Amino acid sequence: MMIRTVKISPFPDQKPGTSGLRKKVPVFQTPGYTEAFIQSIFDSLDGFKGETLVIGGDGRYYNRHVIQTAIRMAAANGFGRVLVGQGGILSTPAASHLIRKSGAFGGLILSASHNPGGPTEDFGIKYNTSSGGPAPEKITDAIFARTGEIDRYLIAEIDDVDLDQTGTFEAGGMVIEVIDPVADYADLMETLFDFDAMRAMIAGGFKVTFDAMHAVTGPYAKEILVRRLGVNPELIYNATPLEDFGGHHPDPNLVHAKALFDWMMADDAPDFGAASDGDGDRNLIIGKGVFVTPSDSLAMLAANAHLAPGYKDGLKGIARSMPTSGAADRVAEKLGVEMHETPTGWKFFGNLLDAGRCTICGEESAGTGSDHVREKDGLWAVLLWLNILAVRKQSMIDIVHDHWASYGRTYYSRHDYEAIEIDRANQLIQALESGLSDLAGRQVASLTIERADSFTYHDPVDGSVSHNQGLRIFFEGGSRLVFRLSGTGTSGATLRVYMERHEPDPSRHDQETQAALAPVIEAAETLAEIRKRTGREAPTVIT
Ligand code: G16
């Protein structure tokens, strides 16, 4: 095998964000850019000679090209085997499962998740470890340090691999297996959930619709929902993965999945509607006439998980990212299990899951998952909900209202200000942060501030400490406001403002969310001067 050593200079902007490196496609197309980042990953790892590397991708534009590059570089750097999904497709949770099941050394996940795809849109590369989860900060920090000094990459001269046929090939001294991306993952789901009960519910007329958003979950939905569970195929939408997601954002939220939301609120709505994102790790869950926020979904799934065979022995604990609402905390308290609050980023759940300190985790950003893999998992959330519905034999709206009646309702919303100037965003955060220590006791918008801080996470498993993970303002009575800058955007900065208010009184559980949160929203504007500092009159996205 011919291996070439190609000289390059470092690129200064290869710092991994919340979930790997995400940039516009033309940036990744800069000569040597993609290779420099992949080589920096390999250079930061030890002991992979002869080992297996999984390469997963969400099918977006540039996916196939980077898979071929990654295969050549894996061979040149000494990996013994590469596993890649047919068509270059592997959902992020399926890739996580494959890494674990195959005993792989790690994996490269090629995705920019819910961000749009296409020649001028987004692409991303993330490294996952042998646990199947995103690399922890000590590895991403090492990768970033390496990007600053890299001066060459190694690449093997081998022909393109035919990604469209399953099979095993040998090239460049390495074994390359192109595998069915769906089968193993679908089998895993059968070990966790009561497929007989779900099949019976669906055969009995329970209508399920799913929007795959022209992203990676189409083939998974066809196999699991249609073929194994009997869902009407006509109710599975946008099931063919497209390189540009049909020109849409594959982001399952109330803005980008508005058609689904509108239908679910109409008289002819199916019983259950769901969607997943670009790489299949996020979920949107809507019952007939009722939207379930991701924070509520985490709480409700945790409260009912024991109804599914995979969780019949109960939960070891629950974890949520800091900006996620406290709804799940109330469930953990009732169940008498540990509750963990981590920074934003699925990588922070890894240690807790590996140490058996939590079973279910979730984030306000439409991610829920469990210890079955080490990524959040969109279809898993759909199936757990369907399993719960099949066992409880109640409508979604009744289950949601029952939950609120038992635990209270936590009104929750996130306001995003996208693509604002980076300097303006930083100044807003700095101004807020510098005044945090003086806020306690202050009255703002009919609320009284109890305390305020910048969130620091102390990992209880390995003792690592992560600073500056978001600014928190707690109000008397339990409302909370959080400010942080997104770590996944690719244009300018995105300011995220998270608001919540807990309402124990069931007679006040039918308010419109933005109205219920009005004082917290007003407090956010007063404290951060969002309009003045961002130059924006309103958020870009409200979820
Ligand atoms: C990623 C991370 C999540 C995080 C989300 C939003 O999700 O895996 O843990 O909550 O980004 O992060 P940020 O607020 O920094 O933009 P995904 O689905 O984009 O991989």
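Residues numbered from 1 in each chain as written. Predicted model: local features only at pLDDT ≥ 70, side-chain atom pairs only at ≥ 80, totals over all residues. Heavy atoms only, no water.

- If you look the protein up in an unreviewed UniProt entry, it shows as phosphoglucomutase (alpha-D-glucose-1,6-bisphosphate-dependent) from Hoeflea algicola.
- Word for word, the UniProt comment on the protein under Catalytic activity (unreviewed entry) is "alpha-D-glucose 1-phosphate = alpha-D-glucose 6-phosphate". (UniProt positions renumbered as here; feature names shortened; annotations may be inferred.)

## Things to note about the pattern of salt bridges
At step 1: Taken as a whole and judged by the stated rule, the model has 39 salt bridges.
At step 2: Residues Lys101 and Asp184 are paired through a salt bridge, measuring 3.3 Å at the closest nitrogen-oxygen approach. Residue Lys101 is located in helix H4 (residues 92–102), and its partner Asp184 is located in helix H6 (residues 183–192); the two are separated by 83 residues in the primary sequence.
At step 3: You can call Lys101 exposed: its relative accessible area is 52%. (Salt bridge = Lys/Arg side-chain N within 4 Å of Asp/Glu carboxyl O. Helix = DSSP H or I, 4+ residues; strand = E, 2+ residues; numbered from the N terminus. Buried < 20%, exposed > 50% of the residue type's maximum accessible area, 1.4 Å probe, protein only.)

## As for the packing of H6 against helix H8 (residues 218–228)
At step 1: At a minimum axis distance of 10 Å, the contact between H6 and H8 shows a crossing angle of 45 degrees. Put simply, H6 runs oblique to H8. Between H6 and H8 lies a crossing of right-handed hand. Seen from H6, the contacting residues are Ala183, Tyr185, Ala186, Asp187, Met189 and Glu190; seen from H8, they are Tyr220, Glu223, Ile224 and Arg228.
At step 2: Of the residues in the contact of H6 with H8, the class split is 6 nonpolar, no polar and 4 charged. (Axes fitted to C-alpha atoms, helices over the stretch in contact; angles between N-to-C directions. Parallel < 35°, antiparallel > 145°, perpendicular 65-115°, else oblique. Left-handed = near helix turned anticlockwise from the far one by under 90°. Contact = heavy atoms within 4.5 Å. Nonpolar A, V, L, I, M, F, W, Y, C, P; charged D, E, K, R; others polar.)

## Focus on helix H17 (residues 518–528)
At step 1: Every buried residue of H17 is listed here: Val520, Ala523, Ala524, Leu527 and Ala528. The arc enclosing the buried residues of H17, seen along the axis, measures out at 105 degrees, which places them on a common side.
At step 2: One or two steps after H17, the chain reaches Glu529, where phi turns positive at roughly 50 degrees. (Arc of directions from axis to C-beta.)

## Focus: helix H13 (residues 378–392)
At step 1: With 15 residues, H13 should cover 21 Å at 1.5 Å per step; its first-to-last C-alpha distance of 21 Å lies within 8% of that length.
At step 2: Counting buried positions along H13 yields 13 of 15 residues, so the element is predominantly enclosed.
At step 3: Capping the start of H13, Asp377 holds a side-chain oxygen 3.4 Å from the backbone nitrogen of Leu379, two or three residues further along. (Expected span 1.5 Å × (residues − 1). Polar contact = N/O pair within 3.5 Å; in protein donor to acceptor, adjacent residues only side chain to side chain.)

## Focus: the site of the ligand
At step 1: Surveying the vicinity of the ligand reveals 19 residues, the closest of which are Thr18, Glu363, Arg484, Ser486 and Thr488.
At step 2: Separating an oxygen atom of the ligand from a side-chain N or O atom of Thr18 is a distance of 2.5 Å.
At step 3: For the ligand, an oxygen atom lies 2.7 Å from a polar atom in the side chain of Ser113.
At step 4: Starting from 460 Å² of accessible surface for the ligand in isolation, the protein chains cover 99%.
At step 5: Residue classes in the shell around the ligand are distributed as 1 nonpolar, 10 polar and 8 charged. (Near = heavy atom within 4 Å. Areas by Shrake-Rupley, 256 points an atom, 1.4 Å probe, with all protein chains shown as cover.)

## Observations concerning the UniProt feature "domain: Alpha-D-phosphohexomutase alpha/beta/alpha" (unreviewed entry) in the protein
At step 1: Per the UniProt record, the feature "domain: Alpha-D-phosphohexomutase alpha/beta/alpha" (unreviewed entry) sits at residues 14–151, 184–286 and 295–407.
At step 2: The distance from the first to the last C-alpha atom of residues 295–407 is 13 Å, and the span holds 45% helix and 16% strand.

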